[in-house]
Amino acid sequence: MAVFKELRCLQMNLDRRRVATDLLYQTIREQGIDVVLGQEPNQALKNVIRDSDDGAFIWLKSGMRAKSIHRDREFVAVELGRFTLVSVYFSPNKTTGEFEAMIDRLDNFVGGMDGKRVLIAGDFNAKSQMFGSGVKNAYGRVLEEFVGARELTPHNNGGDWTFGNKNGRSVIDITMSGAIVASMVSQWQVERDVLSGSGYRYITYRIVGSGTEIQGVKDGRNRKGWIVTQKGIGKLNKYVNERVLGRVETEPDQIVKEIGEACDRCLLKKSGKTGGKKAVYWWNETVSTYRKECLQARRRMTRIKGAREMNEERRTAEDELRRAKKTLKDSIRNAKRDAWKSCAMNWRRTSGVSAKRLWQRSLGV
């Protein structure tokens, strides 16, 4: 059992898009993300904790232990270590009365625990100056009352928009927390230069001093061991037979300890390094290049003034961004296909079983 001194969190609305899901997996690896508080997941997103109507989700790094899970309509919560994380999604197509009902359920949930130890993140589709928006809507007024009543601290700094499309930009993705967790949150920021694959931007932050329990060492941070060679195994066998197993009076725990010491003597130790951050299996230089080009096209689009007035410059920028998105999407699909073909060929070469037959066996054919 290990304990994280900090958690790296990412907040993101995937907008049900497959390309956003693919890029999320790569971003998780590149930035070493531990927790994702997300909304509107695509069906391709696996191994996540979802709310009861599939609007919000929480992804936890492999091996992370959640003490408890709570699922409701429009939000889902997990208890980690000394605090609770909540992910929320509320559709803009619902009424203010429905928003108030959701806030009431969320308020009841927070009221049933220590509200100072909660972090709430989500796409509320609520606009308010409290969270950095230039305008206020009906959802925003209700959310302001909830934040004030529960004495929560908003983390949005108001400097960056979180969602943008051809109709404009807004701040509707909100992060807030109780007093204790608020003192633990650091480096909250909207990622301007990381492509998400949807109209939403990534929001990242860290929770320092989290005390979150982690099962095992699956994340590779504490990997240890020895480098096994034929020569080393020979030396180890000889050493163990002569100096360890020959002493029958030795207790089992002592034998294990001495075998470990024997490995230290006879085998070279691994460095403990993981060799850097590994990309997803299909990632390649072509996809990386197209992601950069797509990000550049989005920046050009963002820099154009007169967001609501259609002109030739804006029309050209929109066309370029649309083509860049399609090219990136196609390159990811082709990269996955090529990676699968390569895997299938290697499997057939080593096992003599064709990819088609392997698939048929999985179906019980």
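Residues numbered from 1 in each chain as written. Predicted model: local features only at pLDDT ≥ 70, side-chain atom pairs only at ≥ 80, totals over all residues. Heavy atoms only, no water.

**Describing the pairing of strand 4 (residues 56-60)**
What counts here: Note on classification: 1.4 Å probe, protein chains only; a residue is buried when its accessible area is under 20% of the maximum for its type, exposed when over 50%, partly exposed between these limits. Helix and strand labels come from DSSP, where a helix needs a run of H or I of at least four residues and a strand needs a run of E of at least two; each type is numbered from the N terminus. What makes two strands pair is DSSP finding at least two bridges between them.
By the criterion of burial, strand 4 is predominantly enclosed, with 5 of the 5 residues buried. Looking at chain direction, strand 2 (residues 35-39) and strand 4 are connected through 5 bridges and run antiparallel. Across the sheet, Leu-37 pairs through a bridge with Ile-58, a residue of strand 4. Of the pairings in the sheet, the one linking strand 3 (residues 49-50) to strand 4 comprises 2 bridges and is antiparallel in character. Residue pairing across strands places Arg-50 opposite Phe-57, the latter belonging to strand 4.

**A closer look at the sheet that holds strand 5 (residues 68-72)**
Definition in use: Note on definitions: a residue-residue contact is assigned when non-hydrogen atoms from the two residues lie within 4.5 Å. In this description, a line fitted to the C-alpha atoms serves as the axis of each element, helices being fitted only across the stretch in contact, and the angle between N-to-C directions of two axes falls anywhere from 0 to 180 degrees.
In space, the 6 strands of this open sheet follow the order 5-6-7-8-12-9, with mixed pairing throughout. Two strands bound the open sheet, and with one partner strand each, they are strand 5 and strand 9 (153-154). In the packing of helix 2 (residues 96-111) onto the sheet, the strands contacted are strand 5, strand 6 (75-80), strand 7 (83-89) and strand 8 (118-123), and the crossing angle to strand 7 comes to about 175°. In the packing of helix 3 (residues 138-150) onto the sheet, the strands contacted are strand 8, strand 9 and strand 12 (173-177), and the crossing angle to strand 12 comes to about 15°.

**Some points on the packing of aromatic side chains**
This is how the line gets drawn: Note on aromatic pairs: the rings of Phe, Tyr and Trp (six-membered ring only in Trp) are paired at centre separations within 6.5 Å, and the planes decide the class, stacked below 30 degrees, edge-to-face beyond 60, tilted for the rest. For a lysine, the NZ atom is tested; for an arginine, the CZ atom; a charge sits over a ring if that atom is within 6 Å of the ring centre and within 35 degrees of the ring normal.
Applying the stated criterion across every chain yields a total of 6 aromatic pairs. Here the aromatic rings of Phe-90 and Tyr-139 are separated by 5.2 Å at their centres, their planes lie at 85°, and the arrangement is edge-to-face. With Phe-90 in the loop between strand 7 and helix 2 and Tyr-139 in helix 3, this residue pair connects regions lying 49 residues apart in the sequence. Ring geometry for Trp-282 versus Trp-283: centroids 5.6 Å apart, planes at 50°, classification tilted. Trp-283 shares its class with Trp-282; the two are buried. Of note, Arg-201 hangs over the ring of Trp-161, and the distance from its end group to the ring centre comes to 3.6 Å.

**Some thoughts on helix 2**
What counts, and what does not: Multiplying 1.5 Å by the helix residue count minus one yields the expected span of that helix. As used here, the arc belongs to the directions running from the helix axis to the C-beta atoms.
Over its 16 residues, helix 2 runs 22 Å from end to end, which matches the ideal 22 Å to within 8%, given 1.5 Å per residue. If you check which residues of helix 2 are buried, you get Phe-99, Met-102, Ile-103, Arg-105, Leu-106, Phe-109 and Val-110. Down the axis of helix 2, the sector holding all buried residues measures 160°, keeping them to one side. The inward-facing, buried residues of helix 2 contact strand 5, strand 6, strand 7, strand 8 and helix 3.

**A closer look at the pattern of salt bridges**
Short version of the rule: Take a side-chain nitrogen of Lys or Arg and a carboxyl oxygen of Asp or Glu: if they are within 4 Å of each other, that pair is a salt bridge.
The full count for this structure, using the stated rule, is 22 salt bridges. Asp-160 serves as the salt-bridge partner of Arg-192, at 2.7 Å between the closest nitrogen and oxygen. Here Arg-192 is found in the loop between strand 13 (185-190) and strand 14 (203-214), whereas its partner Asp-160 is found in the loop between strand 9 and strand 10 (163-165), with 32 residues between them in sequence. With its nearest N and O atoms 2.9 Å apart, the salt bridge here joins Lys-326 to Asp-330. You can see Lys-326 and its partner Asp-330 sitting in helix 8 (residues 312-351), 4 residues apart, about one turn around the helix. Among the ionic contacts, a cluster of salt bridges with common partners joins Arg-16, Glu-40, Arg-50 and Asp-54.

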